Amino acid sequence: MPDASPIPLDQLIVCTHCDAAYTLKRPSAGERARCARCGTVLITPRRKAGLQIIAISVAITILIIAATVFPFLSITAAGNTNSVSILDAALAFSDGPLLALALLTAALIIFVPLARVLLTVYVLVPIVLDRPPARRATQAFRLSEALRPWSMAEIFALGCAVALVKISDLADVAFGPAFWMFAGLVVLVVAQDNFLCRWSVWKSLDKTQTS
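Residues numbered from 1 in each chain as written. Predicted model: local features only at pLDDT ≥ 70, side-chain atom pairs only at ≥ 80, totals over all residues. Heavy atoms only, no water.

## Considerations on the overall build of the chain
Link 1 in the chain: Secondary structure summary: the chain contains seven helices and seven strands in total.
Link 2 in the chain: Each helix (α) and strand (β) of the chain, taken in turn from the N terminus, gives the series β-β-β-β-α-β-β-α-α-α-α-β-α-α.
Link 3 in the chain: The buried share of the chain, taken over its 211 residues, is 36%.
Link 4 in the chain: Taking the contacts inside the chain whose residues are at least 6 apart along the sequence as the reference set, 61% of them involve residues at least 24 apart.
Link 5 in the chain: Of the roughly 13000 Å² of accessible surface on the chain, a fraction of 64% belongs to carbon and sulfur atoms. (Helix = DSSP H or I, 4+ residues; strand = E, 2+ residues; numbered from the N terminus. Buried < 20%, exposed > 50% of the residue type's maximum accessible area, 1.4 Å probe, protein only. Contact = heavy atoms within 4.5 Å. Areas by Shrake-Rupley, 256 points an atom, 1.4 Å probe, with all protein chains shown as cover.)

## Here we look at unusual backbone geometry
Link 1 in the chain: Within the chain, Asp130 stands out as a residue other than glycine whose phi angle is a positive 55°.
Link 2 in the chain: Inspection of the secondary structure assignment puts Asp130 in the loop between α3 (99-128) and α4 (137-147).
Link 3 in the chain: Looking at Asp130, the relative accessible area reads 72%, which means it is exposed.
Link 4 in the chain: Although it is not a glycine, Arg136 sits at a positive phi angle of roughly 60°.
Link 5 in the chain: As for its position among the elements, Arg136 is in the loop between α3 and α4.

## Topic: the packing of helix α1 (residues 49-67) against helix α6 (residues 177-195)
Link 1 in the chain: With their axes 9 Å apart at the nearest point, α1 and α6 run at an angle of 155° to one another. Judged by the angle between their axes, α1 and α6 are roughly antiparallel. α6 is crossed by α1, and the crossing has left-handed handedness. Across the interface between the two elements, Ala49, Gln52, Ile53, Ile56, Ser57, Ala59, Ile60, Leu63, Ile64, Ala66 and Ala67 from α1 touch Ala178, Met181, Phe182, Gly184, Leu185, Leu188, Val189, Ala191, Gln192 and Phe195 from α6. (Axes fitted to C-alpha atoms, helices over the stretch in contact; angles between N-to-C directions. Parallel < 35°, antiparallel > 145°, perpendicular 65-115°, else oblique. Left-handed = near helix turned anticlockwise from the far one by under 90°.)

## A short note on the nonpolar core
Link 1 in the chain: Counting residues in hydrophobic clusters, the biggest one holds 24 residues, and the most contacted among them are Ile60, Phe72, Ile86, Phe156, Phe182 and Leu185.
Link 2 in the chain: The set of elements that each furnish at least two residues to this core consists of α1, α3, α5 (153-167) and α6.
Link 3 in the chain: When residues in this core are grouped by element, the largest group, seven residues, is from α6.
Link 4 in the chain: The residues contacting Ile60, other than those within four sequence positions of it, are Val117, Leu185, Leu188, Val189 and Gln192.
Link 5 in the chain: Listed in part, the 14 residues of the second largest apolar core include Val112, Leu119, Ile127 and Leu147. (Core = buried A, V, L, I, M, F, W, Y, C linked by side-chain atoms within 4.5 Å.)

## Focus on the pattern of salt bridges
Link 1 in the chain: Taken as a whole and judged by the stated rule, the model has four salt bridges.
Link 2 in the chain: A salt bridge links Asp193 to Arg116, with the nearest nitrogen and oxygen atoms 3.4 Å apart. One end of the pair, Asp193, is in helix α6; the other, Arg116, is in helix α3, with 77 residues separating them in the sequence. With respect to burial, Asp193 and Arg116 carry one shared label: buried.
Link 3 in the chain: Residues Glu145 and Arg198 are paired through a salt bridge, measuring 2.6 Å at the closest nitrogen-oxygen approach. One end of the pair, Glu145, is in helix α4; the other, Arg198, is in helix α7 (residues 198-210), and 53 residues separate them in sequence. Taken individually, Glu145 and Arg198 each receive the classification buried, so the pair is uniform in this respect.
Link 4 in the chain: Bridged by salt links that share partners, the residues Arg116, Glu145, Arg148, Asp193 and Arg198 form one connected network. (Salt bridge = Lys/Arg side-chain N within 4 Å of Asp/Glu carboxyl O.)

## Remarks on the packing of α3 against α4
Link 1 in the chain: At a minimum axis separation of 9 Å, α3 and α4 run at an interaxial angle of 150°. As the angle between them shows, α3 and α4 are arranged roughly antiparallel. Note that α3 runs across α4; the crossing there is left-handed. Of the residues in α4, those touching α3 at Val112, Ala115, Arg116, Leu119, Thr120, Tyr122 and Val123 are Ala137, Ala140, Phe141, Leu143, Ser144, Glu145 and Leu147.

## A short note on a nonpolar patch on the surface
Link 1 in the chain: Together, Leu98, Leu101 and Leu104 make up a nonpolar patch on the protein surface, roughly 270 Å² of accessible area in all.
Link 2 in the chain: Along the chain, Leu104 turns up in helix α3.
Link 3 in the chain: On the basis of relative accessible area, Leu104 is assigned to the partly exposed category, the value being 48%. (Patch = residues over 30% accessible without salt bridge, like charges linked within 9 Å, V, L, I, M, F, W, Y side chains within 5 Å.)

## Observations regarding α3
Link 1 in the chain: Taking 1.5 Å of rise per residue, the 30 residues of α3 would be expected to cover 44 Å, and the 41 Å separating its terminal C-alpha atoms lies within 8% of that figure.
Link 2 in the chain: Along its length, α3 shows its largest kink, about 50°, at Ala107.
Link 3 in the chain: Count one or two residues on from α3 and you reach Asp130, which has phi positive near 55°. (Expected span 1.5 Å × (residues − 1). Bend = angle between axes of the 7 residues up to and from the residue.)

Here it is, written out as structure tokens:
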């Protein structure tokens, strides 16, 4: 009779998108393991990816902080010029009943992306240094992943682009330093998500906690 013994759980990997289960086979560095059903990337091992992700995270942190301080854009109309920062734009309707909406907007475009990168650095630095994981590293990484759908820096950039096209005929618009910082930040956020192999991080946390 064929061996019907179940496959150990540590030898299985489940697609986070469609729940398809596969026998685990780690790809070589530079290769990708994709779900055959939906095409979701399951494993993307890269050499020295941890250091690259930490470097990108530090750059994102610097850009987020700087982008909230420097002017995002300047609008000139009828001889009047007004400069606003990202934080000014997010909190423009912070009076009265719209205060909660303004704070939520600021959180989605500034504080949530900042929290994600800080949590990622907190989790990855001990792993890269071959040290025991930081306290509650598993919960920190789980929180970082839970915040990912709510990090809307890219949506904000797209909304700004649409708004600028609509007002370009009514006023002169000049991009401030924060605009270019934010453009670079969006690119780095995408790069960080592409570099990060979540399976590798979970595996590293599991090894360090069970050894």
